[in-house]
Each structure stands twice: as C-alpha cells, then as structure tokens.
Amino acid sequence: MTAPRPTASPVGSRTSCCRICGAPSLEPVLDLGAQPLANSLVRREDLAQPEARYPLLLCRCARCGHVQLSVTVSPEIMFRVYPYVSGTSETLPRHFVDYARDIAERFLGGEGFVVEIGSNDGTLLRAFDRKRIKVLGVEPATNVAKIAEDAGIPTRNAFFGESLARAIRADEGPANAIIGNNVVAHIDDLHDLARAIDVLLAPDGVFVAEFPYLVDMLQGVEYDTIYHEHLNYFSVAAVADLFGRFGLTLFYVRRTSVHGGSIRIFVGRRRETERPLTELRSLEARLALAEGTPLAAFARSVERQRDELVAMVERFRREGRRLAGYGAAAKGNTLLNYCGIGERQLEFIADRSPLKQGLFTPGGHVPVRGPEALLEERPDYALLLAWNLADEIFRQQVDYRQAGGRFIVPIPRPHVL
Ligand code: ZN
C-alpha cells in the first residue's frame with residue numbers, strides 16, 4: 001500500500017504520530033475508506049444533509065509495532081452524545097456482575113473506593129456492593145451520564161485525564177481500583193491516561209481494563225472492531241510497553257470472550273508478573289506480532305470476506321429474497337459501509353435499544369426498528385451484525401426462526417444459519 005495521506009485531515013480530525021512511542025512512522029495496514037462515525041445514527045429530518053466522513057485507516061507503528069488508527073476525530077464530536085447504553089443487552093450485565101465480583105474479591109477485600117472511566121449508564125458500578133464500596137463513574141457523554149446519576153451512581157460528566165484524576169484524588173482520596181471497560185482503546189493521549197492512573201491509584205491499587213485483543217481481531221477477521229472511536233488495537237506487548245514507561249507494571253492478563261475476544265489487563269506498582277502474561281507474550285512472539293507479520297494476511301482475509309458477503313447478498317436479491325439486518329451497533333456500520341450494503345439491500349435493521357429505533361444507520365441510511373419488526377415483516381434473511389451476541393439473539397428470535405427466517409453470520413466467513 002502507499003504511505004498514509006498527508007497531514008490535511010477533514011475538519012474535526014488530525015493525523016497522529018504513534019500513541020505509544022511518538023514516532024511519526026505509521027504504516028498503513030488496511031484502508032476501510034472514508035466512513036461516517038459508526039455511532040452517529042441519522043434522524044429522518046437530516047437524511048438529506050451531507051454526513052461528515054473521515055478516513056478509516058488501520059496502521060502499524062514501524063518503530064514499536066503498536067496497531068492504531070492514523071486519524072483522530074475530536075472526542076468532543078464522538079463522545080458528547082452517545083447512543084450506546086450497556087443496560088439494553090442481556091449479555092453484558094451478567095458479564096459485569098462477574099467482573100465486579102472478581103475485582104472486589106481479589107483486590108478490595110470487600111471494601112474501598114472504585115472509579116470507573118467511561119462508566120456509561122453505571123451498569124458495572126451498580127454490580128458492586130455499594131454499602132461497603134464507594135463508587136464513582138466518569139462519563140463524557142452527557143445524556144448517558146445523566147441516566148447513571150438518575151440510577152443513583154455518582155458520575156462526573158467529563159473526560160478522564162491527569163487533571164481530572166488530581167481533582168478526584170483531592171476530593172475523594174486515592175482509588176483502590178480504577179476500571180476502564182472498553183475505553184482504553186478509545187483514548188488518543190495514552191500518556192495522559194497512564195499519568196492519570198499513576199496520580200489516582202492508591203499505592204497498592206490496581207487498574208483493570210478490558211478491550212478487544214488484537215490477536216483475536218486478526219485471527220477472527222473481526223475488522224468490524226475497527227471504527228473511529230477505537231484508536232488503539234492492543235497487543236499484550238504494547239500494553240506492557242505503554243505502562244512501563246510510567247513506572248507501572250502490567251502484571252496479569254486474562255482472555256475473555258466479550259466482543260469477539262478481549263483481554264482484561266491488571267496494572268499496578270508491583271514488579272513481578274504472573275504466568276498468563278508470559279504465555280500471551282509467547283503467543284505474540286510465535287505469531288511475530290511485533291514485526292507485523294500477521295497484518296498483511298489479515299488485510300487479505302478482510303477483502304475476501306467482503307467480496308464473499310457482497311456476492312451472497314447480491315445472489316439472494318437476484319433470487320427475490322427479502323433481507324434485513326440485526327443489531328445497529330457501531331461494528332455493524334463499519335461492515336456495512338465497507339461492503340457498500342445499505343438501504344438498497346436491507347429493508348431495516350432490528351435493534352433492542354429504544355435510543356436507536358426510528359433513526360437511520362450512518363452512511364447506508366437503513367432504518368432502525370425494534371426487534372418485533374422481524375416477525376411483522378418476515379424477511380427471508382437477517383444479516384447478523386451483532387454477531388458477538390449471537391447466542392442471545394438466536395434465543396430471543398426463536399419465533400422468527402421457527403417462521404422460516406434465517407440469519408446470515410458475516411464473520412469470520414459469511415455463512416447462513
Ligand atoms: Zn510506536
């Protein structure tokens with residue numbers, strides 16, 4: 001591929017140097033084209049307006065190997081209003097209950113002070129025993145922060161960084177645990193994040209964060225994990241490198257199945273690391289991830305997957321079949337816009353979130369309706385965009401399936417279930 005485009009970026013965005021080592025040497029891996037923001041659903045009255053599009057270009061740092069996006073869209077544009085609320089899916093809250101128990105038992109001895117960054121509607125913090133554990137959320141999306149406050153979760157409506165960390169420490173004391181659930185990948189200034197953790201964390205405190213794992217994304221051909229909000233695609237080696245620069249140690253890591261394969265990292269001030277960390281670093285060494293070896297194969301697999309999905313959809317349409325989609329999540333919009341699938345191919349997309357129903361997907365302008373639309377309209381096929389929640393959706397849509405409806409699962413290779 002050619003070198004990244006020069007520094008002229010669309011309004012509201014800029015081209016970055018490596019977010020870990022600072023080198024101005026990002027090499028392109030996969031170009032997903034100019035895409036609208038994956039969470040910026042469109043209102044009916046705005047459908048005729050032009051949508052802002054930004055380059056969606058996955059890159060790798062030639063110096064340190066960190067995989068990241070080259071173009072940063074202003075967080076004020078991406079995160080001040082946010083349609084995604086954790087509580088609307090059944091799978092995530094159960095996962096959060098286990099997550100909260102894990103942290104409380106291993107690191108808090110049942111009491112202490114927990115801060116969550118990117119706390120969304122407060123679902124995870126609600127899972128802690130708040131009689132014994134003080135909790136505080138930090139959430140930049142004003143509409144979502146208010147939902148959490150209304151549910152009784154103290155929440156700062158702000159972006160997390162070093163200055164906010166100092167303010168929280170002055171007001172509330174040091175945190176025994178800081179949690180970042182699917183938020184670290186979103187952060188542009190990773191050095192500011194690491195400094196903020198160092199400022200706010202108690203001497204024996206732990207920073208626990210979970211985000212999609214680069215190895216899972218590559219091996220599962222999960223390119224729909226890539227959207228403008230996800231600026232970073234971490235290997236274990238990159239995480240250790242980042243925090244190590246600030247005197248913090250990545251001492252433990254666990255793989256989880258959330259979002260198509262994630263890692264939960266544990267960072268603190270102690271020195272010794274634990275075995276799972278060594279095992280994943282060996283895995284990454286075997287794959288030659290630091291040298292970027294698996295990335296070219298990933299890019300080829302993504303193109304093949306797109307071609308197969310487009311061919312399948314076109315064949316069904318030629319046969320007169322009716323198609324819809326399921327799951328108006330951000331990841332689905334990356335896939336739809338990269339494949340050029342929109343309102344011409346899909347009659348609607350079903351989604352359980354009331355915040356999304358009545359809106360239209362960015363780029364392709366497919367109307368979003370409630371899940372009952374599948375039974376009312378009976379499309380022959382539903383393209384499963386939220387494939388990471390497949391089990392839950394198949395369970396909920398048993399009536400649609402018994403009525404003859406079938407699901408197209410796009411990933412890792414498109415197939416019909
Ligand atoms: Zn770098």
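Keep in mind the model is a prediction, meaning the values are calculated, not measured. (Residues numbered from 1 in each chain as written. Predicted model: local features only at pLDDT ≥ 70, side-chain atom pairs only at ≥ 80, totals over all residues. Heavy atoms only, no water.)

**Concerning the pattern of salt bridges**
Note the cut-off: The term salt bridge refers to a side-chain nitrogen of Lys or Arg lying within 4 Å of a carboxyl oxygen of Asp or Glu. Only runs of H or I of at least four residues qualify as helices and only runs of E of at least two qualify as strands under DSSP, and these elements are numbered from the N terminus. Here's how the labels work: a residue is buried when its accessible area is under 20% of the maximum for its type, exposed when over 50%, partly exposed in between, all with a 1.4 Å probe on protein chains only.
Per the stated rule, a full pass over the model turns up 30 salt bridges. Among the salt bridges present, the one from Arg156 reaches Asp171, with a minimum N-O distance of 3.0 Å. In this pair, Arg156 sits in strand 8 (residues 155–156) while Asp171 sits in helix 5 (residues 162–172), placing the two residues 15 residues apart along the sequence. The exposure class assigned to Arg156 is partly exposed, which follows from its relative accessible area of 22%.

**A few points about the packing of aromatic side chains**
Between two aromatic rings, the relevant description is the distance of the centres plus the angle of the planes. Which entries qualify depends on this criterion: Stacked, tilted and edge-to-face are the three classes applied to pairs of Phe, Tyr and Trp rings, where Trp contributes its six-membered ring and a pair requires centres within 6.5 Å; stacked means planes under 30 degrees apart, edge-to-face means over 60, and tilted covers the rest. Both a distance and an angle decide whether a charge sits over a ring: NZ of Lys or CZ of Arg must be within 6 Å of the ring centre and within 35 degrees of the ring normal.
Within the structure shown, the criterion is met by eleven aromatic pairs. Measuring from ring centre to ring centre gives 6.3 Å for Phe107 and Phe251, while their planes differ by 70°; the resulting arrangement is edge-to-face. Of this pair, Phe107 sits in helix 2 (residues 91–108) while Phe251 is found in strand 12 (residues 249–256), placing the two residues 144 residues apart along the sequence. Where Tyr223 meets Tyr338, the ring centres are 5.3 Å apart and the plane angle is 70°; that geometry is what we call edge-to-face. Remark: Tyr338 occurs in helix 11 (residues 330–339) and Tyr223 occurs in the loop between helix 7 (214–219) and strand 11 (232–233); sequence separation between them is 115 residues. Side by side, Tyr223 and Tyr338 carry an identical accessibility label, which is buried. Chaining the aromatic ring pairs together yields one cluster made of Phe107, Phe251, Tyr252 and Phe266. The ring of Phe113 has Lys134 sitting right over it, with the charged end atom 4.4 Å from the ring centre.

**Topic: the coordination of the zinc ion**
Formally: For Na, K and Ca the donor cut-off is 3.2 Å, while for other metals it is 2.8 Å, and in both cases only N, O and S atoms qualify; water is not among them, so sites may look incomplete. In these descriptions, tetrahedral denotes four donors with every angle between 85 and 135 degrees, square planar four donors and octahedral six donors with opposite donors over 155 degrees apart and the rest between 65 and 115, and irregular any other case.
For the zinc ion, the full set of protein donor atoms is Cys18 (SG), Cys21 (SG), Cys61 (SG) and Cys64 (SG), and the range of their distances to it is 2.3 Å. Seen from the zinc ion, its four donor atoms lie at angles of 102 to 115°, and the figure they make is tetrahedral. Mapping the donors of the zinc ion onto the primary sequence yields the spacing C-x2-C-x39-C-x2-C. For Cys18, a relative accessible area of 5% puts it in the buried group. We classify Cys21 as buried; its relative accessible area is 14%.

**Regarding the sheet that holds strand 10 (residues 201–212)**
Backbone-to-backbone hydrogen bonds join strands into a sheet, with any given pair of strands oriented parallel or antiparallel. Put simply, the test is: Pairs of strands are assigned from DSSP output, requiring at least two bridges between the strands. By the convention used here, residues are in contact when the closest approach between their heavy atoms is within 4.5 Å. Note on definitions: angles span 0 to 180 degrees between N-to-C directions of axes, and those axes are lines fitted to C-alpha atoms, for helices only across the stretch in contact.
Taken in spatial order, the seven strands line up as 8-7-6-9-10-13-12 in an open sheet, and their pairing is mixed. Whereas interior strands pair on both sides, the edge strands pair on one side only; in this sheet they are strand 8 and strand 12. Summarising the sheet, strand 6 (residues 112–117) and strand 7 (residues 133–138) pair through six bridges and their orientation is parallel. Residue Phe113 lies in a different strand from strand 7, and its bridge partner there is Lys134. Against the sheet, helix 9 (residues 275–286) touches strand 12 and strand 13 (262–268), its axis set at about 75° to strand 12.

**So, the nonpolar core**
Rules: In this text, buried Ala, Val, Leu, Ile, Met, Phe, Trp, Tyr and Cys residues form a nonpolar core when linked through side-chain atoms within 4.5 Å.
Grouped together as the largest cluster of nonpolar side chains are 112 residues, with contacts concentrated most on Leu30, Leu58, Phe160, Tyr223, Ile226, Phe243 and Ile265. Per element, the largest residue contribution to this core is eight residues, and it comes from helix 10 (residues 293–318). Filtering out sequence-adjacent residues up to four positions away, Ile265 remains in contact with Phe207, Val208, Ala209, Phe211, Val239, Phe243, Leu250, Tyr252 and Val253. One finds Ala104, Leu108, Val135 and Tyr252 within the second-largest nonpolar core, a separate group that totals 21 residues.

**Digging into the sheet that holds strand 17 (residues 381–384)**
If you trace the six strands from one edge of the open sheet to the other, you get 16-15-14-17-18-19, paired in mixed fashion. In the strand order of this sheet, the two ends are held by strand 16 (368–369) and strand 19 (415–416), each with one partner. Note: strand 14 (residues 323–326) against strand 15 (residues 349–350), two bridges, orientation parallel. Bridging across to strand 15, Tyr326 finds its partner in Ala350.

**Details of the environment of Val267**
Looking at the element boundaries, Val267 is found in strand 13. Placed 78 residues apart in sequence, Val267 and Asp189 show a C-alpha to C-alpha distance of 18 Å. What Val267 contacts, discounting residues up to four positions off in sequence, is Leu201, Gly205, Val206, Phe207, Phe243, Leu248, Thr249, Leu250 and Phe251.

**Focus on the pairing of strand 18 (residues 406–409)**
Across three bridges, the pairing between strand 17 and strand 18 is parallel. Note on strand 18: the bridge partner recorded for Leu383 is Ile408. Linking strand 18 back to strand 19 in an antiparallel pair, the connection comprises five residues.

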